[in-house]
Amino acid sequence: MRLRRTVTACFGALALALAVAMPTSAHAATGTFSCVSPESGDLDITNPTDGERRLLLQGAISAFNGTNATAVLFTDRGCEQRQTTMAPGDQRFFGDFIPHGVRFN
């Protein structure tokens, strides 16, 4: 009987430790990132997940970061050539630089 209690207590402690150590779901930004493409029109990205990368297929001529996360804009479609960042609430109109990808931090 004593062994059963000890084993039960050990399994209970192990289950609690695993539950605490398990990663939680990914955090999401709150709000909407909006951009305008000369060919595709408007694109809205609502409540993006942290680290999420999105392709801006035709590029963007303007953008508004209505999220509570920083938006990192890239010149390439692979989101490797970082160009600039947009803080929450920033609005930009792009001239020479046309972003083709965005990642949220």
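Above this text you will find the structure in question.
Heads up: these notes are all about the structure in this document. (Residues numbered from 1 in each chain as written. Predicted model: local features only at pLDDT ≥ 70, side-chain atom pairs only at ≥ 80, totals over all residues. Heavy atoms only, no water.)

**Some words on the sheet that holds strand 3 (residues 53-55)**
Which entries qualify depends on this criterion: Note on pairing: DSSP must find at least two bridges between two strands before they are called paired. Put simply, DSSP marks the helices as runs of H or I at least four residues long and the strands as runs of E at least two long, and each gets a number from the N terminus on. Axes here mean lines fitted to C-alpha atoms, for a helix over just the part in contact, with angles spanning 0 to 180 degrees between N-to-C directions.
On the basis of which strands lie adjacent, the open sheet formed by four strands has the order 3-8-5-6 and antiparallel pairing. Pairing within the sheet leaves two strands with one partner each, and these edge strands are strand 3 and strand 6 (82-86). Along the sheet, successive strands turn relative to each other by an average axial angle of 25°, direction set aside. Bridge count for strand 5 (residues 71-74) against strand 6 is four bridges, and the pairing is antiparallel. Of the residues in strand 6, the one forming a bridge with Leu73 is Thr84.

**Focus: the nonpolar core**
When a protein is soluble and globular, its nonpolar side chains tend to lie buried together. This is how the line gets drawn: Among the buried residues, those of types Ala, Val, Leu, Ile, Met, Phe, Trp, Tyr and Cys that are joined through side-chain atoms within 4.5 Å form a nonpolar core. Between buried and exposed lies partly exposed: a residue is buried under 20% and exposed over 50% of the maximum accessible area for its type, with that area taken using a 1.4 Å probe on protein chains only.
Phe33, Leu73, Met86, Phe94 and Val102 are the most contacted members of the largest nonpolar core, which has 13 residues in total. Of all the secondary structure elements, the ones that give two or more residues to this core are strand 1 (31-37), strand 5 and strand 8 (101-104).

**Overview of the side chain of Ser37**
Our working rule: Polar contact is the term for a pair of N or O atoms within 3.5 Å; when the atoms are in protein, one must be able to donate a hydrogen and the other to accept it, and sequence-neighboring residues count only if both atoms are side-chain atoms. Any two residues whose heavy atoms approach within 4.5 Å are treated as being in contact.
Looking at the element boundaries, Ser37 is found in strand 1. What makes Ser37 buried here is its relative accessible area of 9%. A distance of 3.2 Å separates a polar atom in the side chain of Ser37 from the backbone nitrogen of Ser40. Ignoring sequence-local partners within four residues, the contact set of Ser37 consists of Gln58, Gly59 and Ala60.

**Here's the deal with the packing of aromatic side chains**
Stated precisely, the cut-off is as follows: Any pair of Phe, Tyr and Trp rings, taking the six-membered ring for Trp, is counted once the centres come within 6.5 Å. Such a pair is stacked with planes under 30 degrees apart, edge-to-face with planes over 60 apart, and tilted for the rest.
Scanning all chains against the criterion turns up two aromatic pairs. Seen in terms of ring centroids, Phe33 and Phe104 are 5.5 Å apart; in terms of plane orientation they differ by 80°. Their pairing is edge-to-face. Taken together, the positions of Phe33 in strand 1 and Phe104 in strand 8 put the pair 71 residues apart, joining distant regions of the chain. This pair shows no difference in class: Phe33 is buried, exactly as Phe104 is. Judged by centre distance (5.5 Å) and plane angle (90°), the rings of Phe94 and Phe97 are edge-to-face. The class of Phe94 is buried, set by a relative accessible area of 14%.

**Points about the pairing of strand 1**
What you see with strand 1 is a clean split: Gly31, Phe33, Cys35 and Ser37 sit on the buried side and Thr32, Ser34 and Val36 on the side with no burial. Across six bridges, strand 1 lies against strand 4 (residues 62-67) in antiparallel orientation. By the bridge assignment for strand 4, Thr32 is matched with Gly66. Strand direction decides the pairing type here: strand 1 and strand 2 (residues 41-46), joined by six bridges, are antiparallel. Counted as the bridge partner of Thr32 is Thr46 from strand 2.

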